[in-house]
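Fold and contact review
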Amino acid sequence: MNVLVINCGSSSLKYQLIESDKETVLAKGLCERIGIDGSCITHQPAGKDKIKTELPMKDHKDAVKIVIDKLTDKEVGVIDSLDEIDAVGHRVVHGGEKFASSVVIDDKVLEAIKECNDLAPLHNPANIIGINACKQVMPGVPMVAVFDTAFHQTMPKKAYLYGLPYEYYDKYKVRRYGFHGTSHDYVSERAAQILGKDRKDLKIIVCHLGNGASISAVKNGESVDTSMGLTPLEGLIMGTRSGDIDPAIVSFIAAKENLTAEEVINICNKKSGIYGLSGGISSDFRDLGAAADEGNQKAIDTLEAYAYKVAKYVGSYVVAMGGVDVIAFTAGVGENNCQMREMIVKYLSFLGTSIDSEKNKLRGEEVILSAKDDKIVTMVVPTNEELAIARQTVDLVK
Ligand code: ADP
């Protein structure tokens, strides 16, 4: 089966066409600046160079049409016609408490996704636009929604309730949901596979350290806790997000800087994290690493604060699960940043794990970093959210 995986943002659309039997990517790409001047598509057929083309896209429907044109193009295409797309898998950010697993999209499901818009006002509406655009361009092709929140729906109440008046949970469903669920699910499953074990017999901590970052505790195959909350702002220090802060800081800064609460939250989302903490050096760990190597104290302090926070979360999840068998690093930083991995694992050595400095030099590969007789396996497992979405889509439509 050929599955088109779609990840829609408010002005962007990422896609991958995946052949599900051999699990190969036939082509992938990205539409940017949809609805804005200078919209363009970057398309890459497997094994070939990227081709960037400026093309007007007034809305997501235009973008989907252009994606189909590229996929079926005589020169850069990989299929002959639309008929060769058997299903579409959509990444949907927030499924609230309504969706604990992926689901085939029909009108009722679409309505239920819309009801979650409140919980993810920046993401869900864009996901819905993407679904509707695909429905228009590819009528009759089955579509599946795969939710970032679904994997974490197994969390127990004690992990998802905040210490707030209960009525806010009752009335507005204010609680921890967690995100990156597709990645936490895929990586924990793959980690168990690599070790030749059943995930049901393991306690795994997945550190998804990308631009957005979250940690999860996966016990016997189920997420029992995770660091992101009602929104992706909670938890670790991220590229531009603050992660956990004292909520009173919001009104404190608002008063001092003459801002609204919403403006301060915007700063917490877009101008904080390693970018803000380093005094604006960069939200990219490579730049921060380079600055630290040159002795920039703010960069050094930022990286130390980042590693410390990750390690603290790992420690708390060891307690949450009553132990840990596997710690898995994934996403941009987790897969590639050897120094950061080393800084984090240093804190964890007393638990019974270590890092082999030679193996730790590898980037973006599945590798076990700890020693054979360590009590805890520390490893790198590159994530593949698109493949996970394609697999779930196939499972539901075949
Ligand atoms: P997103 O959340 O946007 O998907 P990614 O998972 O791609 O983010 O992670 C982006 C982060 O990964 C960036 O901070 C980047 O610096 C880091 N990263 C990517 N490649 C490397 C590398 N080779 N060395 C160090 N950091 C890297």
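Our subject is the structure that appears above.
The structure contained in this document is the topic of the report that follows. (Residues numbered from 1 in each chain as written. Predicted model: local features only at pLDDT ≥ 70, side-chain atom pairs only at ≥ 80, totals over all residues. Heavy atoms only, no water.)

1. A short note on the overall build of the protein chain
Across its full length, the protein chain carries 14 helices and 14 strands. Taken over C-alpha atoms, the radius of gyration comes to 21 Å for the protein chain, in line with the 21 Å a tight globule of 398 residues would show. Taken over 398 residues, the protein chain has a buried fraction of 50%. Expressed as a percentage of contacts within the protein chain between residues at least 6 apart in sequence, the contacts between residues at least 24 apart total 60%. Placing the 46 positive and 55 negative side-chain charges of the protein chain at their respective mean positions leaves the two points 2 Å apart. (Helix = DSSP H or I, 4+ residues; strand = E, 2+ residues; numbered from the N terminus. Rg over C-alpha atoms; globule rule 2.2 N^0.38 Å. Buried < 20%, exposed > 50% of the residue type's maximum accessible area, 1.4 Å probe, protein only. Contact = heavy atoms within 4.5 Å. Lys, Arg positive; Asp, Glu negative; His and termini not counted. Charge placed at Lys NZ, Arg CZ, Asp CG, Glu CD.)

2. Describing the side chain of arginine 241
Considering the arrangement of structural elements, one finds arginine 241 in the loop between strand S11 (222–226) and helix H7 (248–257). Residue contacts for arginine 241: discarding those within four places in its chain leaves Gly212, Met228, Pro232, Leu233, Leu236, Cys268, Asn269, Ser272 and Gly273.

3. Looking at the side chain of serine 188
For serine 188, the location among the structural elements is in helix H6 (residues 181–194). On the accessibility criterion, serine 188 (0% relative accessible area) is buried. A polar contact is formed between the side chain of serine 188 and the backbone oxygen of aspartate 185, at a distance of 3.1 Å. (Polar contact = N/O pair within 3.5 Å; in protein donor to acceptor, adjacent residues only side chain to side chain.)

4. Quick look at the site of the ligand
Near the ligand you find 13 residues, and of these Asn211, Asp284, Phe285, Gly332 and Asn336 are the closest. Between the ligand and the protein, one listed contact pairs an oxygen atom with a side-chain N or O atom of aspartate 284 at 2.4 Å. Within the backbone of phenylalanine 285, an N or O atom sits 3.0 Å from an oxygen atom of the ligand. Summarising the interface, the protein chains cover 67% of the accessible area of the ligand, which totals 580 Å² for the free molecule. Counting residues per element, the ones that place at least two in the shell around the ligand are helix H10 (285–293) and helix H12 (331–336). By residue class, the composition of the shell around the ligand is 3 nonpolar, 7 polar and 3 charged. (Near = heavy atom within 4 Å. Areas by Shrake-Rupley, 256 points an atom, 1.4 Å probe, with all protein chains shown as cover. Nonpolar A, V, L, I, M, F, W, Y, C, P; charged D, E, K, R; others polar.)

5. Quick word on the nonpolar core
In summary, soluble globular proteins display a tendency toward joint burial of nonpolar side chains. Counting residues in hydrophobic clusters, the biggest one holds 40 residues, and the most contacted among them are Ile205, Cys207, Leu209, Ile215, Tyr306, Val310 and Val314. Put simply, the parts of the chain that give this core at least two residues each are strand S9 (203–209), strand S10 (213–219), H10, helix H11 (297–321), strand S12 (326–330) and helix H13 (338–348). The element best represented in this core is H11, accounting for 11 residues. Dropping the residues within four chain positions of it, leucine 209 is found in contact with Leu236, Tyr306, Val310, Phe329, Thr330, Ala331, Gly332, Val333, Gly334 and Ile344. By size, the runner-up hydrophobic cluster in this structure holds 39 residues, among which are Cys8, Leu110, Ile131 and Phe147. (Core = buried A, V, L, I, M, F, W, Y, C linked by side-chain atoms within 4.5 Å.)

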